[in-house]
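The residues making up each chain are set out below.
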Amino acid sequence: MANLETYFKKSQPLDDYIENMTVNKDNVLSIYNAFTPPSTDDRIGQLKDRPYSKVLVISEDWCGDAMMNLPILKHISESLQLEVRVFHRDEDTDLIDQYLTNGTARSIPIFIFMNDQFEQVSVWGPRAREAQDYVTQLRAEKLPNKEAPDYNDKEKEVHHEIATKYKSGSELWNQVYDSIISKLML
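Residues numbered from 1 in each chain as written. Predicted model: local features only at pLDDT ≥ 70, side-chain atom pairs only at ≥ 80, totals over all residues. Heavy atoms only, no water.

**Student:** Explain the packing of aromatic side chains here, please?
**Tutor:** Note on aromatic pairs: each is described by the distance of the centres and the angle between the planes. Summed over all chains, the structure comprises five aromatic pairs. On the numbers, 5.0 Å between centres and 85° between planes, the contact of Y7 with F87 is edge-to-face. Separated by 80 residues along the polypeptide, Y7 in helix α1 (residues 4-10) and F87 in strand β3 (residues 83-88) bring together distant segments of the chain. The cationic tip of K54 hangs over the ring face of F118; the distance from NZ or CZ to the ring centre is 5.0 Å. (Phe/Tyr/Trp six-rings, centres within 6.5 Å; stacked < 30°, edge-to-face > 60°. Helix = DSSP H or I, 4+ residues; strand = E, 2+ residues; numbered from the N terminus. Lys NZ or Arg CZ within 6 Å of the ring centre and 35° of its normal.)

**Student:** Is there a simple way to think about the side chain of D65 in this case?
**Tutor:** Positionally, D65 belongs in helix α5 (residues 64-80). The class of D65 is buried, set by a relative accessible area of 8%. Within the structure, D65 has its side chain in polar contact with the side chain of R127 (distance 2.9 Å). Within the structure, the side chain of D65 is placed 2.6 Å from the side chain of Y166, a separation counted as a polar contact. (Buried < 20%, exposed > 50% of the residue type's maximum accessible area, 1.4 Å probe, protein only. Polar contact = N/O pair within 3.5 Å; in protein donor to acceptor, adjacent residues only side chain to side chain.)

**Student:** What is the right way to read the pairing of strand β4 (residues 110-114) from this model?
**Tutor:** Regular strands show a simple pattern: their side chains alternate between the two faces of the sheet. Among the five residues in β4, five count as buried, and that is most of the element. Judged by which residues are buried, β4 turns out to be covered on both faces: I110, I112 and M114 on one side and F111 and F113 on the other are all buried. The pairing of strand β2 (residues 54-59) with β4 spans five bridges and is antiparallel. Considered in β4, the bridge of K54 is made with M114. In this sheet, strand β5 (residues 120-124) lies alongside β4 in antiparallel orientation, the contact comprising four bridges. Residue pairing across strands places F111 opposite W124, the latter belonging to β5. Hairpin connection from β4 to β5: five residues lie between these consecutive antiparallel strands, with F118 at a positive phi of about 65°. (Pairing = 2+ DSSP bridges.)

**Student:** Looking at this structure, I do not really get the layout of surface pockets. What am I missing?
**Tutor:** To locate leftover empty space, one rolls a probe as large as a water molecule over the atoms. In this model, the largest pocket occupies a volume close to 350 Å³. In terms of lining, the largest pocket is formed by 16 residues, of which the most central are G64, D65, R127, H159 and I162. Of all the secondary-structure elements, those providing two or more residues to the lining of the largest pocket are α5, α7 (129-142) and α8 (151-168). Residue contributions to the lining of the largest pocket peak at five residues, all from α8. Each residue belonging to the lining of the largest pocket can be placed in one class, and the counts come to eight nonpolar, four polar and four charged. (1 Å grid on protein atoms, 1.4 Å probe; cavity = no way out; pocket = protein on both sides within 12 Å on 5 of 7 lines; lining within 4 Å. Points joined across faces, edges and corners; volume = space filled by probe spheres on them. Nonpolar A, V, L, I, M, F, W, Y, C, P; charged D, E, K, R; others polar.)

Scope: geometric values only; no functional claims are made or implied.
Structure representation (structure tokens):
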């Protein structure tokens, strides 16, 4: 199994990844342009003294969570001068299998924060707690049992509703920002 340095060097720089997106590029750029990190967050200054220098992102273009989280990470990485590279989850599942959600799910995005020696310092993802709560509640309210004949149609409706919230949810964007920063402060 390859180490984090190997995966990092095989990955795309974040700006190249965004430029080559075919599914969520416009939404990523729209969120990036609409989101403004808090200018009075003292934690950014504190984090500049931490050993973070690189972020390896595990993602895929079609992922709604990545659509919302990547633009916020981009702002954070610019503030902290972090080099961010994106590895396609489905290209080599050995990497994502080291970061399974709840021990079973290959959920994305995963942000692996590293030092200059490519050693993992912190990991964040795939969602902020508030986003997870929103998704869990919406699914509980709107999805029938998986055996229901209209399950697939209802699931598409739920995914559309989640994507709509992610694209316009400035409160959610701030919660994602706070979640990532808080994780880095540990």
